[in-house]
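One letter stands for each residue in the lines below.
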Amino acid sequence: MSHAVQITDLTKHYVLKGETVKALQGVTFDVPHGDYVAIMGPSGSGKSTLLNLLGCLDRPTSGSFKLGDDDVATMTDDQLSAIRASRIGFVFQSYNLIPQLTVVENIEVPLYYMGRLTANCKQRCRDLAAMVGLGDRLNHRPTELSGGQQQRVAIARSIANDPQFILADEATGNLDSVTTDEIMQMFEKLNQEGRTIIMVTHEDEVSAHAKRVIRLRDGYIQSDERNTDRVIAGLKSDGAPALNDAAVGIGSPENATS
Ligand code: ADP
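For clarity, every value in this text was computed on a predicted model and none was experimentally measured.

About the criteria used
Residues numbered from 1 in each chain as written. Predicted model: local features only at pLDDT ≥ 70, side-chain atom pairs only at ≥ 80, totals over all residues. Heavy atoms only, no water. Helix = DSSP H or I, 4+ residues; strand = E, 2+ residues; numbered from the N terminus. Buried < 20%, exposed > 50% of the residue type's maximum accessible area, 1.4 Å probe, protein only. Contact = heavy atoms within 4.5 Å. Areas by Shrake-Rupley, 256 points an atom, 1.4 Å probe, with all protein chains shown as cover. Phe/Tyr/Trp six-rings, centres within 6.5 Å; stacked < 30°, edge-to-face > 60°. Patch = residues over 30% accessible without salt bridge, like charges linked within 9 Å, V, L, I, M, F, W, Y side chains within 5 Å. Salt bridge = Lys/Arg side-chain N within 4 Å of Asp/Glu carboxyl O. Pairing = 2+ DSSP bridges. Axes fitted to C-alpha atoms, helices over the stretch in contact; angles between N-to-C directions. Core = buried A, V, L, I, M, F, W, Y, C linked by side-chain atoms within 4.5 Å. Near = heavy atom within 4 Å. Polar contact = N/O pair within 3.5 Å; in protein donor to acceptor, adjacent residues only side chain to side chain. Nonpolar A, V, L, I, M, F, W, Y, C, P; charged D, E, K, R; others polar.

1. Concerning the overall build of the protein chain
If you tally the helices and strands in the protein chain, you get eight helices and 10 strands. Burial analysis of the protein chain (258 residues in total) assigns 50% to the buried set. A fraction of 70% describes how many contacts in the protein chain between residues 6 or more apart in sequence connect residues 24 or more apart. Total accessible area computed for the protein chain in this model is approximately 12,000 Å², and 47% of it derives from carbon and sulfur atoms.

2. Digging into the packing of aromatic side chains
Counting across every chain of the model gives two aromatic pairs. Relative to Phe-92, the ring of Phe-90 lies with its centre 5.7 Å away and its plane at 0°, an arrangement referred to as stacked. According to the relative accessible area criterion, Phe-92 is partly exposed, its value standing at 26%. Relative to Tyr-113, the ring of Tyr-112 lies with its centre 5.7 Å away and its plane at 70°, an arrangement referred to as edge-to-face. Both residues of the pair, Tyr-112 and Tyr-113, count as exposed.

3. Focus: a nonpolar patch on the surface
Residues Tyr-14, Leu-16 and Val-21 make up a contiguous nonpolar surface patch of about 270 Å² in total accessible area. Within the fold, Tyr-14 resides in strand S1 (residues 3-16).

4. Observations regarding unusual backbone geometry
Non-glycine residue Asp-9 carries a positive phi angle of around 50°. Positionally, Asp-9 belongs in strand S1. A positive phi angle, near 50°, is found at Asp-218, a position not held by glycine. Examined against the element boundaries, Asp-218 turns out to sit in the loop between strand S9 (212-217) and strand S10 (220-226). In this structure Asp-218 comes out as exposed when scored by relative accessible area, which is 52%.

5. Some thoughts on the sheet that holds S1
Neighbouring strands of a sheet are bound in pairs by backbone hydrogen bonds; such pairs are parallel or else antiparallel. Reading across from one edge, S2-S1-S4-S5 is the order of the four strands in this open sheet, with antiparallel pairing throughout. Two strands in the sheet have a free side with no partner beyond their single neighbour: strand S2 (19-32) and strand S5 (70-71). Here S1 pairs with strand S4 (residues 62-67) via five bridges, running antiparallel. Residue pairing in the sheet places Gln-6 in a bridge with Lys-66 of S4. Contacting S1, S2 and S4, helix H1 (residues 47-54) runs over the sheet at an angle of about 125° to S1.

6. A short note on the nonpolar core
Judged by nonpolar contacts, the single largest core of 38 residues is most densely connected at Ile-107, Phe-187 and Met-199. Aside from chain neighbours lying at most four places away, what touches Met-199 is Tyr-36, Val-37, Ala-38, Ile-39, Ala-168, Met-184, Phe-187 and Val-206. In this structure, Phe-29, Phe-65, Ile-198 and Leu-216 belong to the second largest nonpolar core, which totals 29 residues.

7. Thoughts on the sheet that holds strand S7 (residues 165-169)
Taken in spatial order, the six strands line up as S6-S7-S8-S3-S9-S10 in an open sheet, and their pairing is mixed. This sheet does not close on itself; its edge strands, each paired only once, are strand S6 (88-92) and S10. On average, each strand axis in the sheet is inclined to that of its neighbour by 15°, with strand direction left out of account. Strand direction decides the pairing type here: S7 and strand S8 (residues 197-200), joined by four bridges, are parallel.

8. Some thoughts on H1
Burial analysis of H1 places six of its eight residues in the buried class, the great majority of the element. Buried within H1 are the following residues: Lys-47, Thr-49, Leu-50, Leu-51, Leu-53 and Leu-54. Count one or two residues on from H1 and you reach Cys-56, which has phi positive near 55°.

9. Here's the deal with the site of the ligand
Every residue close to the ligand is listed here: Tyr-14, Leu-16, Val-21, Ala-23, Pro-42, Ser-43, Gly-44, Ser-45, Gly-46, Lys-47, Ser-48 and Thr-49. Here an oxygen atom of the ligand and a backbone polar atom of Pro-42 are 3.5 Å apart. Between the ligand and the protein, one listed contact pairs an oxygen atom with a backbone N or O atom of Ser-45 at 3.1 Å. For the ligand, whose free accessible area comes to 560 Å², the fraction covered by protein is 64%. Among the elements of the structure, S1, S2 and H1 are those that each provide at least two residues to the shell around the ligand. Of the residues forming the shell around the ligand, the biggest block, three residues, is contributed by H1. Here the shell around the ligand is composed, by residue class, of five nonpolar, six polar and one charged.

Bear in mind that shape data such as this cannot, by itself, settle questions of function.
Here you go:
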């Protein structure tokens, strides 16, 4: 089976004032293309450490982390930056939009960094803005948008580069429950279209949308289970989409292999 991510016996130790803190103590799991994984666990269990490793923001102490066929555990800083820019779509709790840029310019940022901002790509970014329901806000700046709208921009930005997977960190942590539902529908739609999603969350209502929940405890995987109580947020009881697909549809991934 082809995998977006393969993690084998990953450890991360921090040395603090002469003491070694074993934040991850041998974590092994695969994420097949098209999976939707929630990572949970109590404070101090290693979620942020794992997120930093998955996001290529840090290197493990030992073990292997494969993104597709490439082992990123041993890459240089420059190689890791290139991987971050080209193969991972980030969605953060605090949106991390650039305040001086408009909606469409924020969505263009990953393409700009990769030197791929062609006329076609600019049009694709406008389309992405429209598909997250912000076609009439293209020239607004983040301060002129609600939190939910800002997170929609961040979601559109996260897929501008057609990444190997989307990495979301408490993506609904700053949002009210209604807006949380809207954002979760968007993630679900992306996943239905073949996108791979890995999401760190401490909220059961959020993890209930994922296909699979990995729970960490003391730097180990405590459980890794398929979600039998999955909430299909965008579907009514008759199975029909509850929202206009145009509002949540993000377009098919170009490279999805699920
Ligand atoms: P979580 O996100 O689940 O709260 P973390 O990954 O932040 O857990 O932390 C796991 C453990 O590693 C904790 O004991 C934490 O104190 C420790 N830790 C995290 N980052 C560092 C660091 N930079 N230096 C030293 N210890 C750290």
